Amino acid sequence: MADSIGRALRDGRLEGEHAPALTIKDTVASPFGPHVFGYVLSQLSSNILAGKSQSKGLVVVAYSQSPLFYMELLKNRGLDDVASSRNCVQILDCYTDPLGWKDRLMNHSRPQEANICKDVKNTDKLFSSIVELGKGVIGQGKGHFSVAIDSVSEMLRHTSMPAVAGLLSNLRTHDGISSIFWLVHSDLHDTRVTSSLEYMSSIVAILEPLIQSANVQKGDLENISLRDENFGKGKFHVRSKRRNGRVRVMSEEFRVEQSGISFTSVSSENAVVNQGLVPKVQFNLHLSEKERNDRSSVVLPFEHQGNGKPIEIYDGRRSLVDGKLEEPFVLSAGNNQNTEEGSKGEIIYFRDSDDERPDSDEDPDDDLDI
């Protein structure tokens, strides 16, 4: 499933459509968004290096980590050629001096570095810098490049949501951009912020803890046990919008180790964990053989008990014969009997004439003991 995200970003945009956009959401309960971001970044860089991607280069907008961090990340993933070649990957440094304070304190004494953004509040200038770096990557002629933003949450610290939304929208609609993806820490923002980011995305990846606890009190022993159980692993949900308007939802499990993050299908291990939680529930979803027998032996109200005899319901069709009145028939739970045998109460019915329309053969109350 994580590979399907890589394929969508690799294939890029179709003619006349916006670039595919991926939102990666994490929370403090499952703070592994940067690991997923690094995984997607490495996967896309590998496809670009192999010539399998629509984009010919990648621009990384670094807010939460330094450019050196991402160069080391690519080297550790075996992409030394990508890390060493500035013709393939360019990094816009919004981490070192995002507001230009260091530059003012130094009184412009040090030489200007090429890819440092010193005014992240100005989204128009930021857009121009990204496009300029992208064009430098692909060179002359027509081509596409991808954009990766490592923290929209950091962007929202310096500028408003409408400005950020405008920047992302302009990047998606730019003809030279093949795909774009970003990371957001969803629990730091209002629901309307994350909803806006999801609305602009064609793919949304959500990280959740493997086991969620309803009790969030600190120091709770059960909560500490759940944190230990969730350490380094969790659930990975992907919601992708198809071109025909349908939405596809997929789920996997992930595990973060020293070598990196890995994804697996939902395994039986999770089922074992869920079975461990069942005894804490106050009801059982299944019946034992004894419980089934006990349930079948319960006598329901007004149900015919049978008593081994056929049940007959008087239908009122027996009437006067040769001008003589027959003994009235009685409606009872057993066979039709005379009133002499009735002891609990009876309904006596005489038909007015043989011309009276007969009653239906189907008695709606024939299953009731009345």
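This write-up is about the structure you can find in this document. As the structure is a computational prediction, the values presented were derived from the model and not from experiment. (Residues numbered from 1 in each chain as written. Predicted model: local features only at pLDDT ≥ 70, side-chain atom pairs only at ≥ 80, totals over all residues. Heavy atoms only, no water.)

What follows covers the overall build of the protein chain. A tally of regular secondary structure across the protein chain gives 12 helices and nine strands. Sorting the 370 residues of the protein chain into buried and exposed places 38% on the buried side. Restricting the contact set of the protein chain to residue pairs at least 6 apart, pairs at least 24 apart contribute 68%. Here the protein chain has roughly 22,600 Å² of accessible surface; of this, 50% comes from carbon and sulfur atoms. (Helix = DSSP H or I, 4+ residues; strand = E, 2+ residues; numbered from the N terminus. Buried < 20%, exposed > 50% of the residue type's maximum accessible area, 1.4 Å probe, protein only. Contact = heavy atoms within 4.5 Å. Areas by Shrake-Rupley, 256 points an atom, 1.4 Å probe, with all protein chains shown as cover.)

Turning our attention to the sheet that holds strand 5 (residues 177-185). Taken together, nine strands build an open sheet; the order of strands is 3-2-4-5-1-6-7-8-9 and the sheet is mixed. For this open sheet the edge positions go to strand 3 (89-93) and strand 9 (260-264), each flanked by a neighbour on one side alone. Neighbour to neighbour, the strand axes of the sheet diverge by 20° on average, direction disregarded. By the bridge criterion, six bridges tie strand 1 (residues 21-26) to strand 5 in an arrangement that is parallel. Note that in strand 5 the partner of Lys25 across the bridge is Val184. Here helix 3 (residues 67-76) sits on the sheet and contacts strand 2 (58-62) and strand 3; the angle it forms with strand 3, its principal contact strand, is near 155°. (Pairing = 2+ DSSP bridges. Axes fitted to C-alpha atoms, helices over the stretch in contact; angles between N-to-C directions.)

Nonpolar side chains in soluble globular proteins generally cluster together in the buried interior. One finds Leu22, Leu41, Phe181 and Phe236 to be the most contacted residues of the largest nonpolar core, which totals 35 residues. For this core, the leading source of residues is helix 2 (residues 33-49), giving seven residues. By size, the runner-up hydrophobic cluster in this structure holds 31 residues, among which are Leu92, Leu168, Trp182 and Val193. (Core = buried A, V, L, I, M, F, W, Y, C linked by side-chain atoms within 4.5 Å.)

Here we come to the pairing of strand 3. For strand 3, the buried fraction is high: five of the five residues fall into the buried class. Residues Val89, Ile91 and Asp93 point to one face of strand 3 and Gln90 and Leu92 to the other, with burial holding for every one of them. By the bridge criterion, five bridges tie strand 2 to strand 3 in an arrangement that is parallel. When the sheet's bridge partners are listed, Val60 is paired in strand 3 with Ile91.

On the surface, Arg7, Arg242, Arg246 and Arg248 cluster together into a positively charged patch. With respect to the helices and strands, the residue Arg7 is situated in helix 1 (residues 2-11). Arg7 sits in the partly exposed class, given a relative accessible area of 42%. (Patch = residues over 30% accessible without salt bridge, like charges linked within 9 Å, V, L, I, M, F, W, Y side chains within 5 Å. Salt bridge = Lys/Arg side-chain N within 4 Å of Asp/Glu carboxyl O. Lys, Arg positive; Asp, Glu negative; His and termini not counted. Charge placed at Lys NZ, Arg CZ, Asp CG, Glu CD.)

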